[in-house]
Amino acid sequence: MKRILLLVAIVAVTFTAEAQESFKFGNVTVDDFTHADYAVDTSMADAIVLDETVDALYYESGRHFAVNRSVKRKIKILKPSGVDCAEVIIPYNYDNPYTGANYNFNIIAYSYQLQDGVVKKSKLKKKDIRREFLNDSIAQVSFTIPNVEAGCIIEYAYTVFDYALITEVGAVIDYRFGHHIPIVRSVHQVMVEDRLDCQVVKAGTFPVKCEQREPEYSGINYGTTAN
């Protein structure tokens, strides 16, 4: 069922000319490897987030406040110590109607190397995606992107559902963003059903810009449950 959305918050970390182009997953070029003049300080960084987008849809479903989040991220490995960025862990609550024990995160991941002026890529295999059940409700999916070393670029994408129980005072979204490494560009779209009364409160000193407008993203499936 189509739902009308009220709020879109765009959060961008740096607002340079190079950061205005939209993120196209899989579009890794020679310039991504050779470019070094970023708007953020990378002198002490092991790696840097070149680009990321997060599209999060919040909607009411029965007694739950559900969220469908789609993540795409591109990271450049600057030093050997930065290869730990290739290890990705996604925790999730499987004791709810939106995920289930065997939820499919639609994970796609690649590493890219520049060899003799040509961009070569290696793909994450499905057999290398691991799942661990930590207790009766919490699990995590993890994967390690192959062939990662200093100088290469990695990309990964996934989708995940989560939810919060609606109480008499409503539901509070604790939305966090940022990384332990510098970010060149980060755009978050937070979409909320128009029938929900919401208020955005910003906290912290992280440099952000928020704006409200009509949503353009249409790739979210509303109310999708695990197979």
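Residues numbered from 1 in each chain as written. Predicted model: local features only at pLDDT ≥ 70, side-chain atom pairs only at ≥ 80, totals over all residues. Heavy atoms only, no water.

If you trace the backbone, Q115 turns up in strand β5 (residues 108-115). Q115 sits 85 residues away from V30 along the chain, and the two C-alpha atoms are 9.9 Å apart. (Helix = DSSP H or I, 4+ residues; strand = E, 2+ residues; numbered from the N terminus.)

Right, let's get into the packing of aromatic side chains. Inspection of every chain in the model, using the stated rule, returns 8 aromatic pairs. Ring centres of Y94 and F133 lie 5.1 Å apart, and the angle between their planes is 80 degrees; on these two criteria the pair is classed as edge-to-face. Of this pair, Y94 sits in the loop between β4 (87-93) and β5 while F133 sits in strand β7 (residues 130-133), placing them 39 residues apart in sequence. Here Y94 falls in the buried class, since its relative accessible area comes to 18%. Consider the rings of Y156 and Y158, whose centres lie 6.5 Å apart with planes at 10 degrees: the pair is stacked. (Phe/Tyr/Trp six-rings, centres within 6.5 Å; stacked < 30°, edge-to-face > 60°. Buried < 20%, exposed > 50% of the residue type's maximum accessible area, 1.4 Å probe, protein only.)

Core analysis: the biggest nonpolar cluster contains 34 residues, and I75, F105 and F143 have the highest contact counts within it. Mapped by element, the contributors of at least two residues to this core are β2 (47-61), β3 (64-77), β4, β8 (138-144) and β9 (153-165). Those residues in contact with F105 that sit more than four places away from it in its chain are I90, Y92, R131, V141, Y158, T159 and V160. F33, Y38, Y112 and I153 belong to the second-largest nonpolar core, a separate cluster that totals 9 residues. (Core = buried A, V, L, I, M, F, W, Y, C linked by side-chain atoms within 4.5 Å. Contact = heavy atoms within 4.5 Å.)

This paragraph deals with the confidence of the model for the chain. On average, the chain scores 76 in pLDDT, and the residues at 70 or more come to 66%. Note on residues 1-20: pLDDT under 50 across the span, and 79 contacts to partners over four residues away in sequence or across chains. (pLDDT = per-residue confidence, 0-100.)

Attention now goes to the environment of A101. When you line up the elements, A101 lands in the loop between β4 and β5. Taking the C-alpha atoms as reference points, A101 and F133, 32 residues apart in sequence, are found 8.4 Å from one another. Among all residues touching A101, those that are not within four sequence positions of it are Y92, Y94, R131 and F133.

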